[in-house]
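Descriptive structure summary
What follows is each chain in one-letter form.
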Amino acid sequence: MVLHPTPLAGLTLIETSPISDERGRFVRVFCESELEALRPGLHFPQINLSTTYQRGSVRGMHFQHPPAAEAKLIRCVRGRVFDVAVDLRAGSSTFLQWFGVELAEEAPLQFFIPEGFAHGFQALTDDAQLLYLHTASWSRAHEGGLRYDDPRLAIDWPLTVSQVSERDRIAAPLDQDFPGIHP
Ligand SMILES: Cc1cn([C@H]2C[C@H](O)[C@@H](COP(=O)(O)OP(=O)(O)O[C@H]3O[C@H](C)C(=O)[C@H](O)[C@H]3O)O2)c(=O)[nH]c1=O
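Residues numbered from 1 in each chain as written. Predicted model: local features only at pLDDT ≥ 70, side-chain atom pairs only at ≥ 80, totals over all residues. Heavy atoms only, no water.

Considering the UniProt feature "active site" (unreviewed entry) in the protein
The following threshold applies: UniProt positions are given in the numbering used here, feature names are shortened, and annotations may be inferred rather than shown by experiment. Only DSSP runs of H or I covering at least 4 residues are called helices, and only runs of E covering at least 2 are called strands; the numbering of each starts at the N terminus. Here a polar contact is recorded for every N or O atom pair within 3.5 Å, except that within protein the pair must consist of a potential hydrogen donor and a potential acceptor, and residues adjacent in sequence are included only if both atoms are side-chain atoms. Only heavy atoms matter for contacts: two residues are in contact if any of them lie within 4.5 Å across the pair.
As annotated by UniProt and renumbered to match this structure, "active site" (unreviewed entry) occupies His62 and Tyr132. A stretch of 71 residues holds the annotated residues, and the largest C-alpha distance among them is 12.9 Å, short enough that they meet in one place. With respect to the secondary-structure elements, His62 resides in strand β6 (residues 58-64). Of the polar contacts made by the side chain of His62, one reaches the side chain of Arg167; its length is 3.4 Å. The contacts of Tyr132, once residues within four sequence positions are left out, are Gln46, Ile47, Asn48, Leu49, Ser50, Leu73, Ile74, His119 and Phe121.

Below, the structure is given as structure tokens:
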């Protein structure tokens, strides 16, 4: 696994090494020792899988407040998505900046999103499936969200947004004095 930094400190692309043969493909998604340099003793108590039926749908932007702040390792396991992380860390030099990357079933890239980032994605194909490894368990009481179309973020989604959940549809715009979070 090869680590590729992004312009947002800690937000990291992980290049995996898929192996193909006449039967198909094999890829190692996570290896604690290989990711020691990313974070020693990386542990994922919860793993989720989402399927998004419609091309253009957006899920996000979601995060969990401390003490349930979570890092996520994300892999697209079917189709293609445009995956986005937004820096919400209080005091960060890249506060409220976003970074997006295309993840695809056929491609080697995975995405490591540290605590303190909001995460969301747009399905670029129908039936896009995403595997999430979480460093903290889900806590409804600590859920936070930003608008996927918040003008202060100005996320440049590749496609016209075709569908969002009710939760994401009614998410509040960022307050002007939003201080960020201390993950
Ligand atoms: C995350 C989660 C959700 N849920 C329940 C809550 C809802 O009743 C239902 C769907 O949750 P939500 O609408 O938050 O799912 P998404 O909109 O796909 O959000 C997810 O995708 C975005 C892009 C993320 O980064 C988050 O990890 C995650 O929130 O599953 C659970 O039961 N367990 C869980 O761990």
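Past the structure itself, the notes keep going.
Some thoughts on the site of the ligand
Operational definition: Any residue with a heavy atom positioned within 4 Å of a molecule or strand is treated as near that molecule or strand. Note on areas: Shrake-Rupley with a 1.4 Å probe; residue coverage comes only from the protein chains shown. In this classification, Asp, Glu, Lys and Arg are treated as charged, Ala, Val, Leu, Ile, Met, Phe, Trp, Tyr, Cys and Pro as nonpolar, and every other residue, Gly included, as polar.
As a structural note, the neighbourhood of the ligand is formed by Gln46, Asn48, Arg59, His62, Lys72, His119, Gly120, Tyr132, His134, Trp138, Glu143 and Arg167. For the ligand, an oxygen atom lies 2.7 Å from a polar atom in the side chain of His119. Compared with its free state, where it exposes 650 Å², the ligand has 69% of that area covered by protein. Elements supplying a minimum of two residues to the shell around the ligand: β5 (46-52), β6, β11 (117-123) and β12 (128-134). Its residues assigned to classes, the shell around the ligand comprises 2 nonpolar, 6 polar and 4 charged.

Let's talk about the sheet that holds strand β7 (residues 72-78)
Spelled out, the test is: Pairing between two strands requires that DSSP report at least two bridges joining them. Working convention: axes come from line fits to C-alpha atoms, limited for helices to the stretch in contact. Angles between N-to-C directions cover 0 to 180 degrees.
With respect to topology, 6 strands assemble into an open sheet ordered β1-β2-β10-β7-β12-β5, the strand pairing being antiparallel. A single partner strand is all that each edge strand has here, and the edge strands are β1 (2-5) and β5. Across the sheet, the axes of successive neighbouring strands diverge by a mean angle of 25 degrees, strand direction being ignored. Pairing analysis gives 7 bridges linking β5 to β12, with the strands arranged antiparallel.

Quick look at the pairing of strand β10 (residues 109-113)
Defined as follows: For the exposure calls, accessible area comes from a 1.4 Å probe over protein chains only, and a residue counts as buried if that area is under 20% of its type's maximum, exposed if over 50%, partly exposed in between.
Most of β10 sits out of view: 4 of its 5 residues are buried. Summarising the sheet, strand β2 (residues 12-15) and β10 pair through 4 bridges and their orientation is antiparallel. Across the sheet, Leu13 pairs through a bridge with Phe111, a residue of β10.

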